[in-house]
Amino acid sequence: MQDIAASLERGRPKDLASGAQVLSGQLGKTIQRLRKAYNLSLSELAEQSGVAKSIISQIERNETNPTLATIWRLSQALDVSIERVLATSDEEPFIERFSRADTPRLVSDDGKVRLAIIGWIKTVEWLQWYDVTADAGGVLESDAHQRGSVESLSVLEGSFEVEVGGEVQRANAGETLRYRCDRPHSIRCLGDEPGRATMVVIMKAAVME
């Protein structure tokens, strides 16, 4: 699967054997969920992908077995990896446990703000969430995310200040700041005490203009 996906993502679907097909009971549901997340009609997705509207409709209803080249075009139009489109999903519940050592971490340029990536890797393209710990005075500077993205910072301990687009807002423990993050923005831990917060980033399609 990884070799196939690598070929497709390099933009060379013709490298695959002609007529190669994938059948997945989840494929149609995945395409439909992504299309609706981007607020696209069947016609709009057809125009952006070059796949006929009738074919997309059949795929969503699991009435056809699309070629990998067709799936590649749809994944490009939906701006997601082909692995995500092809991923199968069991209906059975599951529980995953990760230790502290297994949790990836990011650190701000000043070394005073640390983000533990507690979100699910399968949602990283549209939903990310982090456990934020900060020393007093720590600042996390961030570049703009994709257009339309929104970030929520829920303060658990201490006080934080968010600056975006020249506007500054403060939140104390028990309060949440929600703001557009499709422009440069920063988070600062205020006061003399360390702070802790949960940060959730909703990417691209799901949010306001």
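Residues numbered from 1 in each chain as written. Predicted model: local features only at pLDDT ≥ 70, side-chain atom pairs only at ≥ 80, totals over all residues. Heavy atoms only, no water.

The chain is annotated in an unreviewed UniProt entry as XRE family transcriptional regulator from Methylorubrum podarium.

Asker: So what's going on with the layout of surface pockets? Which residues, and what values?
Answerer: If a probe the size of a water molecule is rolled over the atoms, the empty space left behind becomes visible. Volume-wise, the second largest pocket comes out at about 240 Å³. In terms of lining residues, the second largest pocket is bounded by 15 residues, among which L106, L115, L140, E141 and S142 are the most central. Listed by contribution, the elements that provide at least two residues to the lining of the second largest pocket are strand 1 (105-107), strand 3 (127-134), strand 4 (139-142) and strand 10 (195-202). Take the lining of the second largest pocket: its biggest share by element is 3 residues, from strand 4. (1 Å grid on protein atoms, 1.4 Å probe; cavity = no way out; pocket = protein on both sides within 12 Å on 5 of 7 lines; lining within 4 Å. Points joined across faces, edges and corners; volume = space filled by probe spheres on them. Helix = DSSP H or I, 4+ residues; strand = E, 2+ residues; numbered from the N terminus.)

Asker: Hey, could you go over the sheet that holds strand 9 (residues 185-190) for me, with residue numbers and the actual values?
Answerer: Reading across the sheet, the 4 strands line up as 4-9-6-7 and stay open at both edges, with antiparallel pairing between neighbours. Of all strands in the sheet, those with a lone pairing partner are strand 4 and strand 7 (167-172), marking the two edges. Pairwise comparison of adjacent strand axes, ignoring direction, gives a mean angle of 15° for this sheet. When strand 6 (residues 159-164) meets strand 7, the two strands line up antiparallel, connected through 6 bridges. Residue pairing for strand 7: V162 is matched across the bridge by Q169. (Pairing = 2+ DSSP bridges. Axes fitted to C-alpha atoms, helices over the stretch in contact; angles between N-to-C directions.)

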